[in-house]
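Below, each chain spelled out in residue letters.
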Amino acid sequence: MTDAPTPGRQARAGEGSPLIGVPELAELLRLPGPPTLLDVRWRLGGPPGMADYRRGHLPGAVFIDLDRDLAGPPGPAGRHPLPAPEAFQAAMRAAGVSDGRPVVVYDEADSTAAARAWWTLRYFGHPDVRVLDGGYRAWTAAGHEVTTAVPSPAPGDFTARPGGMPVLDAAGAAALAENGVLLDARAPERYRGEVEPIDPVAGHIPGAVSAPTFGNVGPDGRFLPARRLRERFAALGVTGAAEVGAYCGSGVTAAHEVLALTLAGIPAALYVGSWSNWVADPANPVATGEG
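Bear in mind that the values here come from a model prediction, so they are computed numbers and not experimental data.

Caption draft 1: Up close: the pairing of strand S9 (residues 244-247). What you see with S9 is no split at all: Val244 and Ala246 on one side and Gly245 and Tyr247 on the other are buried throughout. As judged from the four bridges shared by strand S7 (residues 181-184) and S9, these two strands associate in the parallel manner. Bridging from a neighbouring strand, leucine 182 pairs with glycine 245 of S9. Where S9 lies against strand S10 (residues 269-271), two bridges are found, and the strand directions are parallel. Looking at the pairing, glycine 245 lines up with alanine 269 of S10. Once the chain exits S9 it traverses helix H10 (residues 253-263) before rejoining the sheet at S10, and the crossover so formed is right-handed.

And the structure:
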């Protein structure tokens, strides 16, 4: 993991943090050379985030479609596998993303989709990406301007260089569940196998620990303070003594888990294919219940 706070250090929205707060972003947008702003509003199962974007977005923000721009075509690799480097590079350049210009990403409130954008940009080598803590809802609650004007950004020069963040495949996830800590970011009932609304098999990877991603944020969608995140993950067995990874249904909310772990000063790998990739192979074992 690159650019993560060291263990024990409080991560704050500001320099060195993957988060940015509304007041700081508002100030940056008033200055010459503001960051590239990406709107990543998205909901699992829809409706498309573009409808929200057209109703209003932060001035200068370009809409990014999670399904189209932040993932490859669904298949055995998962419902949201990594996009091909050339496809991701083209999408980011079209949105105005450049290597030497900071990027700020946001979604509606809880950073679930924005975290996937943060993680994917970092994986493909962008050095300066931050997530607007609290998203669009926090921006409007503070009384800041929104617009329906759609910008036409100058093409960026971003170059996709894979490998900037650690990843797991199915074998690596199985090994980590046995020898480290593998966190399952889905809702508890999906982890237990009581319900599975999307994938063909219910349950979880044997040895994985239930860590629903909604526990990383408060009611307003903002991340919990780093101290509280460290306490949460410590209670789940993340003590610094073993490697950590995260998965979910298709690698979206697990990116949120990786972001929360980063804020807590804990490096973590992402199983991008996640459960949708795991159950594509009938040879992979499935556990249900609490353990």
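Caption draft 2: Region of the structure containing unusual backbone geometry. Phi angles above zero are rare outside glycine, and serine 111 is one such case at about 70°. For serine 111, the position within the fold is in the loop between strand S4 (103-106) and helix H5 (112-123). For serine 111, a relative accessible area of 0% gives the class buried. Positive phi is not limited to glycine here, since serine 274 has a value of about 50°. Residue placement: serine 274 occurs in helix H11 (residues 274-278).

Caption draft 3: Representation of the sheet that holds strand S3 (residues 62-63) in the model. In space, the five strands of this open sheet follow the order S1-S5-S4-S2-S3, with parallel pairing throughout. Looking at which strands have only one partner, the edges of the open sheet turn out to be strand S1 (19-20) and S3. Note that S1 and strand S5 (residues 129-132) share two bridges and pair parallel. In the sheet register, leucine 19 faces S5, and the bridge partner there is valine 131. The sheet strands contacting H5 are strand S2 (36-39), S4 and S5, and the helix crosses S4 at an angle near 150°.

Caption draft 4: Summary view of H10. Most of H10 is tucked away, with ten of its eleven residues classed as buried. Among the residues of H10, Ala254, Ala255, His256, Glu257, Val258, Leu259, Ala260, Leu261, Thr262 and Leu263 are the ones counted as buried. Trailing H10 by a residue or two, glycine 265 shows a phi angle of about 85°, which is positive.

Caption draft 5: A look at the packing of helix H9 (residues 226-235) against H10. For the pair H9 and H10, the least separation of the axes is 8 Å and the interaxial angle reads 115°. Between H9 and H10, the angle is such that the two are roughly perpendicular. As H9 packs across H10, the resulting crossing turns out to be left-handed. Contacts from Ala226, Leu229, Arg232 and Phe233 of H9 reach H10 at Glu257, Ala260, Leu261 and Leu263.

Caption draft 6: Structural view of the nonpolar core. Judged by nonpolar contacts, the single largest core of 55 residues is most densely connected at Leu38, Met92, Val105, Trp118, Trp119, Leu121 and Phe233. Broken down by secondary-structure element, the contributors of at least two residues to this core are helix H4 (85-94), S4, H5, S5, S7, H9, S9 and H10. A total of eight residues in this core trace back to one element, the largest contributor, which is H5. If we ignore the near neighbours within four places in the chain, the residues touching methionine 92 are Leu38, Ile64, Asp69, Leu70, Val97, Leu121 and Phe158.

Caption draft 7: Structural context of the environment of alanine 51. Summarising the element assignment, alanine 51 is placed in helix H2 (residues 49-55). In sequence terms alanine 51 and arginine 41 are ten residues apart; their C-alpha atoms lie 9.4 Å from each other.

Cut-offs applied
- Residues numbered from 1 in each chain as written.
- Predicted model: local features only at pLDDT ≥ 70, side-chain atom pairs only at ≥ 80, totals over all residues.
- Heavy atoms only, no water.
- Buried < 20%, exposed > 50% of the residue type's maximum accessible area, 1.4 Å probe, protein only.
- Helix = DSSP H or I, 4+ residues; strand = E, 2+ residues; numbered from the N terminus.
- Pairing = 2+ DSSP bridges.
- Right-handed = clockwise from strand over helix to strand, strands pointing away.
- Contact = heavy atoms within 4.5 Å.
- Axes fitted to C-alpha atoms, helices over the stretch in contact; angles between N-to-C directions.
- Parallel < 35°, antiparallel > 145°, perpendicular 65-115°, else oblique.
- Left-handed = near helix turned anticlockwise from the far one by under 90°.
- Core = buried A, V, L, I, M, F, W, Y, C linked by side-chain atoms within 4.5 Å.

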